[in-house]
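# Results of the structural survey
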Amino acid sequence: GGITTIDPGYKNTGSCESAITYLDGEKGILRYRGYSIESLAEKADFLEVAYLLIFGELPTKVELEKFHADIKAESHVDEDMKKILDGFPKSAHPMGVLSALTSALIAFNPTSVNVDSEEDMYKTIVKLLAKFPVLASWALRKKKSQPLDYGDNNLGYVANLHKMMFSKPNQDYKVDQSIIDALDKLLILHADHEQNCSTSTVRMVGSAHAGLFASTSAGISALWGPLHGGANQAVIEMLEAIKEDGGDTKKYMAKAKDKKDPFRLMGFGHRVYKNFDPRAKIIKVAADDVLNMLGIEDPVLDIAKGLEKEALEDPYFVDRKLYPNVDFYSGIIYRALGIPVEMFTVMFALGRLPGWIAQWKEMRERKEPIGRPRQVYIGENLREFRPVSER
Ligand code: CMC
């Protein structure tokens, strides 16, 4: 029989059972495998959090060392992949490059589609975690017309990512550990967020038993959208526009409240969080720390803080439960770290990768059925076909 009700945007539809991430939007609670986001952001490192999300428990020292060693051993990307990179114009958006290269990886790693045994599943996961940062660094280097950096296997996962992205040609590479720590924290804050658009995409594509790399490539495409991960780029562009216009935050608050004006305060509001976004609280403090540490005075940070203060006291925002979300301050940190605006969403993807992997693995291990929603048909009833000569 046909179905009669629909739920656009799946606002009230649960698509799966999951033991990975707990989220309470009323109370502003976010936990990975039972650990609060606050404690993980404060005390854990990104690779530990990746292990926790994917395998369910925090690793022991030995497990973590093995995990890292296995990743290092897989961190090479086939030389022929560079020909694909070379084929892109410099103007290509890094998210498009990342999605295409992730898909292309399948051709060079054909065994990555074998995941039936625990061992094969592990190998495939390690391959993706190892090669993904390499591809992300390629996307950035393409934008900057810089030669590739092959990284340094003596470095930690995030430190190596930083080197591959930011080392300068013909200069010794040096970085302050506090910069690596800030980047690590940002990646942790983005690592999972239950059944959001890109994660649901990864699960949906994977539910047809497409491989992990193909499913991840689809997730990257979903994340690219400005209503999702692409919002971090939109926030910094909005803050810049306010600055260029003389920094009059009140004027833009009025625009955001004006129902005839399509302008929205980017980085405000969330589908699930109706009290506060716990990630935004942590990021706001981190933004202050990073800018202080680097001795950067970014007028855009003051504009952001001004907007937040006004919004939190404004009945329009209070009544609608609109608070800063994860994207409101993240761009300010990325920019301070020297990351071009077009790379912001790639940074989000690097953080979200363990979440996509964990959700994909859980979906396969629980033997979820193929994703196949129904619809309510609203088209024509039966019609008689007439050949083109009679139309
Ligand atoms: N500025 C001004 N008004 C807003 C805003 C905003 N940013 N967000 C929501 N509203 C108003 C909206 O006009 C509506 O008012 P009314 O009830 O009078 O019609 C009310 O608040 C409820 O909004 P909604 O659009 O029905 O809520 P939603 O849950 O469907 O949308 C949202 C959530 C995040 C899409 C939306 O708040 C928004 O567009 N925010 C700006 C974009 C943004 O920052 N996105 C990042 C999301 S978090 C990270 C991620 O997903 O990657």
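Above this text is the structure in question.
What counts, and at which threshold
- Residues numbered from 1 in each chain as written.
- Predicted model: local features only at pLDDT ≥ 70, side-chain atom pairs only at ≥ 80, totals over all residues.
- Helix = DSSP H or I, 4+ residues; strand = E, 2+ residues; numbered from the N terminus.
- Rg over C-alpha atoms; globule rule 2.2 N^0.38 Å.
- Buried ≥ 20, exposed ≤ 12 C-beta atoms within 10 Å, placed from the backbone.
- Contact = placed C-beta atoms within 7 Å.
- Near = placed C-beta within 6 Å.
- Nonpolar A, V, L, I, M, F, W, Y, C, P; charged D, E, K, R; others polar.
- Pairing = 2+ DSSP bridges.
- Core = buried A, V, L, I, M, F, W, Y, C linked by C-beta atoms within 7 Å.
- Axes fitted to C-alpha atoms, helices over the stretch in contact; angles between N-to-C directions.
- Left-handed = near helix turned anticlockwise from the far one by under 90°.
- Expected span 1.5 Å × (residues − 1).
- Arc of directions from axis to C-beta.
- Parallel < 35°, antiparallel > 145°, perpendicular 65-115°, else oblique.

### Examining the overall build of the protein chain
Of the regular secondary structure elements, the protein chain holds 17 helices and three strands. The C-alpha atoms of the protein chain give a radius of gyration of 22 Å, which matches the 21 Å a tight globule of 391 residues would have. Overall, the C-alpha framework of the protein chain stretches about 75 × 55 × 50 Å when taken along its three principal axes. In the protein chain, buried positions account for 41% of the 391 residues. In the protein chain, the proportion of contacts linking residues at least 24 apart, taken out of those at least 6 apart, comes to 77%.

### Section: the site of the ligand
Within the structure, the ligand sits among 18 residues, and Ala 231, Arg 264, Phe 268, Gly 269 and Arg 320 are positioned closest to it. Of the residues contributing to the shell around the ligand, the split by class is eight nonpolar, six polar and four charged.

### Some details on the sheet that holds strand β2 (residues 29-32)
The strands that make up a sheet pair up through hydrogen bonds in the backbone, lying either parallel or antiparallel. Across the sheet, three strands lie side by side as β1-β2-β3; this open sheet has antiparallel pairing. Of all strands in the sheet, those bounded by a partner on one side alone are β1 (21-24) and β3 (35-36). Note that β1 and β2 share four bridges and pair antiparallel. Bridge pairing in β2 links Asp 24 to Ile 29.

### Some thoughts on the pairing of β2
Only one face of β2 is covered, namely the one carrying Leu 30 and Tyr 32; the face carrying Ile 29 and Arg 31 has none of its residues buried. Between β1 and β2, which pair antiparallel and follow one another directly, the connecting turn spans four residues, one of which, Gly 28, has a positive phi of 70 degrees. For β2 and β3, the ladder comprises two bridges, and the chain directions are antiparallel. Residue Tyr 32 lies in a different strand from β3, and its bridge partner there is Tyr 35. Here β2 folds back onto β3, and the loop between the two strands holds two residues, one of which, Arg 33, carries a positive phi near 50 degrees.

### Overview of the nonpolar core
Ranked by internal contacts, the top residues of the largest apolar core, which has 105 residues, are Val 49 and Leu 98. Those residues in contact with Leu 98, other than ones at most four positions away along the chain, are Leu 135, Ala 136, Ala 139, Ile 220, Val 346 and Ala 349.

### With respect to helix α9 (residues 197-207)
Of all eleven residues in α9, eight are buried; the element is thus mostly enclosed. Among all positions in α9, only Ser 198, Thr 199, Thr 201, Val 202, Arg 203, Met 204, Val 205 and Gly 206 are buried. The elements touched by buried residues of α9 are α10 (212-224) and α17 (344-365). Two residues or fewer past α9, His 209 is found with a positive phi of approximately 65 degrees.

### Details of unusual backbone geometry
Positive phi values are uncommon outside glycine, yet Tyr 10 reaches one of about 50 degrees. Along the chain, Tyr 10 turns up in the segment before β1. With 13 C-beta atoms counted inside 10 Å, the residue Tyr 10 sits in the partly exposed group.

### Structural notes on the packing of α9 against α17
The N-to-C vectors of α9 and α17 enclose an angle of 40 degrees; their axes lie 9 Å apart at closest approach. In the crossing of α9 with α17, the sense of the turn from one axis to the other is right-handed. Contacts between α9 and α17 involve Ser 198, Thr 199, Val 202, Arg 203, Gly 206 and Ser 207 from the first element and Arg 352, Gly 355, Trp 356, Gln 359, Trp 360, Met 363 and Arg 364 from the second. Among the residues making up the contact of α9 with α17, the classes are represented as four nonpolar, six polar and three charged.

### Topic: helix α14 (residues 299-313)
Here α14 spans 22 Å end to end across 15 residues, near enough to the 21 Å set by a 1.5 Å rise per residue. When we look at burial in α14, the residues that qualify are Leu 301, Ile 303, Ala 304, Leu 307, Glu 308 and Ala 311. The arc that holds the buried residues of α14, viewed along the axis, is 160 degrees, so those residues lie on one side. For α14, the exposed residues lying more than 90 degrees away from the buried face are Pro 299, Lys 309 and Glu 313. Structurally, α14 contributes buried residues whose contacts are with α11 (231-244), α12 (249-257), α13 (278-294), α15 (315-319) and α16 (327-336).

### Topic: the packing of α10 against α17
Here α10 crosses α17 at 135 degrees, and the two axes come no closer than 10 Å. In terms of axis orientation, α10 runs oblique to α17. The handedness of the crossing between α10 and α17 is right-handed. In this structure, α10 uses Leu 212, Ser 215, Thr 216, Gly 219, Ile 220, Leu 223 and Trp 224 to contact α17, whose residues at the interface are Thr 345, Phe 348, Ala 349, Arg 352, Trp 356, Ile 357 and Trp 360.

### Looking at the environment of Glu 362
With respect to the secondary-structure elements, Glu 362 resides in helix α17. Separated by 307 residues in sequence, Glu 362 and Phe 55 have C-alpha atoms that sit 9.4 Å apart. For Glu 362, the residues in contact, after removing those within four places along its chain, are Ser 18 and Ile 20.

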